[in-house]
4 protein chains.
Amino acid sequence: MGRMDTDTTGAWLSRDELRDARERLPILYVDLVPVRVDERSTVTSIGLLLRATSEGAIRRELVSGRVLYHERIRDAIMRHIEKDLGPMALPQVPLAPQPFAIAEYFPTPGVTPFHDPRQHAVSMAHVVVVMGDCAPSQDALDLAWLSPQEAMDLARTDEMSGGHGVLLRQALAHLGFAV
Amino acid sequence: MGRMDTDTTGAWLSRDELRDARERLPILYVDLVPVRVDERSTVTSIGLLLRATSEGAIRRELVSGRVLYHERIRDAIMRHIEKDLGPMALPQVPLAPQPFAIAEYFPTPGVTPFHDPRQHAVSMAHVVVVMGDCAPSQDALDLAWLSPQEAMDLARTDEMSGGHGVLLRQALAHLGFAV
Amino acid sequence: MGRMDTDTTGAWLSRDELRDARERLPILYVDLVPVRVDERSTVTSIGLLLRATSEGAIRRELVSGRVLYHERIRDAIMRHIEKDLGPMALPQVPLAPQPFAIAEYFPTPGVTPFHDPRQHAVSMAHVVVVMGDCAPSQDALDLAWLSPQEAMDLARTDEMSGGHGVLLRQALAHLGFAV
Amino acid sequence: MGRMDTDTTGAWLSRDELRDARERLPILYVDLVPVRVDERSTVTSIGLLLRATSEGAIRRELVSGRVLYHERIRDAIMRHIEKDLGPMALPQVPLAPQPFAIAEYFPTPGVTPFHDPRQHAVSMAHVVVVMGDCAPSQDALDLAWLSPQEAMDLARTDEMSGGHGVLLRQALAHLGFAV
């Protein structure tokens, strides 16, 4: 969640109102780990977005975004995958709504492994298989597909900050990999 | 969530501001199923709150309430158990933050099995063992301990509306009972 | 598990040896709930096998079978789906190995909701999306696709005995349905 | 599972018969991560058994053992905790039977991160809170309580082999720690 939130189209709050709410209430998010799998559903690669920060640093990120008012979680998952990976990504939304992890992002660093200077966000984390063609849309520079081992190593570096690296490693542990 | 929300102490929003936010954002909740267990952690009874509605009807409810700004989920679970079951309830907060179910309460009936006329609430549902003495506090008339079978039957009646009955049966299924 | 086990091809035990082991050790199974989903992964129908018992009664069953020696669980899931639903079923094996339920089948009725007169079986239960064409193979009379509501109702009748009905309702609860 | 299995009392198989079954069937196990928690159920320490191998090396291990014929999983969890941590450990058996991970131990190294030269074992992994006094019994040299960070570091060393280190790190990820 280290990037600007650009859910302006379709959002139900003006930029000022959203800023206001963010100082008062926990904001509901989804964090999504896009994966490709083989015919036995073993994860073969993990998709990470490449973004440039306003300071010019490069960051690797999960697909992430808010759940809107009157939006179902499975619709939010679909919308954010399509927003970040393009309309041809063909995501398989998880069958059950229970996340593999709950990430509590606090504006104060150190309360949890997750940090978001803008807000207190509570994020439901899911692994999402994408079957189609992915193309980074919006403000991402690129989308890279990494092997589970490469993703695991990258997740421990400064390229994944604010907790996305932690969440990625928790996802790999959940999937049965040796983290 | 069929009752008035009375989190006024400790809340970070005035009543007007909360009403405003409720028309704009999904509000984060916890729904808690208080249980007693035997020495092998088999659930022996389930605690339900008895409340009177403003129309004079009687309702059975789970322990339920908002997660506040800058509050950890495990602290919200502890706070709501103590608020509704008293300070001597000695709850065992779940070890892991993943809920057994996510209940999406919509202000529009029928979108999901969960309905809350006041708001769009997304609730993380947990089963919570209580080891100590429970006494209904605040606005509940009584706290009743039911056997799993009694709870299952009651959950299908009008006494548990808005989705709490559904969530209770999902909890029993999760615990391995024949629902 | 109310039917004869016909894992003779590919099994590593003779019929006599398997009978012997069944009197000594818990036997590892998988129980699988085949489902079809819409584009947002909402379950639209559930597949149940129709079998005739040796007494001529009709039973609805889940896909079910043993995990073999040196077989990975995801391979066992794939094998049993293809054995019962045919080679064109195109199952999506679950990403993570954790089951939504563990069913403990005892030879003694009443210990758990699950009963198998032949053995003590411990079964890991998974929901499996099938994308392709399904055709009942082997000893099933038919494969029926039911709506979630129809499946829920059928699961409470004598047509689903031994625990498959219980497991089906636990699956629907896990998926967020009102059971 | 790097140690000799000494479930001779209470087992339903002779040593020869068990050896025989191990060459034919997957054997059902439980792997247990004993933890101590604070009043909000945050894990404060993790208990690891210290054992000497026949070659004189020192190993750190989880509590682990077979599920016996006609034994419920919750009884197997209780029995193995008491066998390894003593009768005063006061374990809180998990409420629900679903494990946080399934570890598939193969006699062939490299099939999964889990390896057991004696057998194909399928293990259901649970985190178990112990409230009482623990004393290593049977063949363990000692029981050490480590902080989550110490346990995480130790889990990556040769002191935890065969997969127990992997499982411990998966447990910590499941509990929300940064692995």
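Here the residue index of a chain counts from 1 through its sequence in written order. Whichever chain is written first becomes A and whichever ligand is written first becomes 1, with later ones labelled in order. It should be noted that, the model being predicted, local features are given only for residues of pLDDT at least 70 and side-chain atom pairs only at 80 or more, the latter also being counted only at that level, while totals for whole chains, interfaces and linings use all residues. Water and hydrogen atoms were dropped before computing side-chain values, which therefore reflect all heavy atoms in the structure.

Each copy of the chain is related to the other by a rotation around an axis and a translation along that axis. Superposing copies: least-squares fit, C-alpha atoms only, residues required to have pLDDT of at least 70 in both. Note on the identical chains: chain B maps onto chain C by a rotation of 180° and an axial translation of 0.0 Å, with an RMSD of 0.0 Å. Interpreted geometrically, this transformation is the action of a two-fold axis. Two residues qualify as a contact provided that any one of their heavy atoms is within 4.5 Å of a heavy atom in the partner residue. A shared binding surface is used by both copies, with 100% of the interface residues of chain B retained as interface residues in chain C.

All names here are of chain A. Topologically, Asp-116 is positioned in the loop between β6 (101-105) and β7 (121-130). Judged by its relative accessible area of 0%, Asp-116 is buried. Only 3.0 Å separates the side chain of Asp-116 from the side chain of Gln-119, close enough to count as a polar contact. Put simply, DSSP H or I for four residues or longer makes a helix, DSSP E for two residues or longer makes a strand, and each gets a number counted from the N terminus. Burial classes: relative accessible area under 20% of the type maximum marks a residue as buried, over 50% as exposed, and values in between as partly exposed (1.4 Å probe, protein chains only). Whenever a nitrogen or oxygen atom comes within 3.5 Å of another N or O atom, the pair is scored as a polar contact, on the condition that within protein one atom can donate a hydrogen and the other can accept it, and that pairs from neighbouring residues in sequence are kept only if both atoms are in side chains.

Attention shifts here to the relation of the copies chain A and chain B. When chain A is fitted to chain B, the best match, at an RMSD of 0.0 Å, comes from turning it 180° and sliding it 0.0 Å along the axis. Comparing interface residues between copies, 100% of those in chain A also sit at the interface in chain B, which points to an isologous, same-surface contact.

Moving on, we come to the interface of chain B and chain C. Taken together, the contact pairs ten residues of chain B with ten residues of chain C. The three residues of chain B that bury the most area against chain C are Arg-156, Gln-170 and Val-179 of chain B, which together make up 45% of that side's buried surface. In the sections that follow, a salt bridge refers to a side-chain nitrogen of Lys or Arg positioned within 4 Å of a carboxyl oxygen of Asp or Glu. At the boundary of chain B and chain C, one finds zero salt bridges. Scanning the region where chain B abuts chain C turns up six residue pairs in polar contact (both at pLDDT 80 or more). Summed over both partners, buried area is the accessible surface (1.4 Å probe) that two parts give up on being assembled.

What follows concerns the pattern of salt bridges. Under the defined criterion, the tally for this structure stands at 35 salt bridges over all chains. When the shortest N-O distance is used, the salt bridge between Asp-139 of chain B and Arg-51 of chain B registers 2.6 Å. Of this pair, Asp-139 of chain B sits in the loop between β7 (121-130) and β8 (142-146) while Arg-51 of chain B is found in strand β2 (residues 43-52), placing the two residues 88 residues apart along the sequence. Judged by its relative accessible area of 3%, Arg-51 of chain B falls in the buried class. Across the salt bridge formed by Glu-71 of chain B and Arg-79 of chain B, the nearest N and O atoms sit 2.7 Å from each other. The buried category is assigned to Glu-71 of chain B, whose relative accessible area is 10%. Bridged by salt links that share partners, the residues Arg-51, Glu-61, Lys-83, Asp-84 and Asp-139 of chain A form one connected network.

That's the geometry; what it means functionally is another story.
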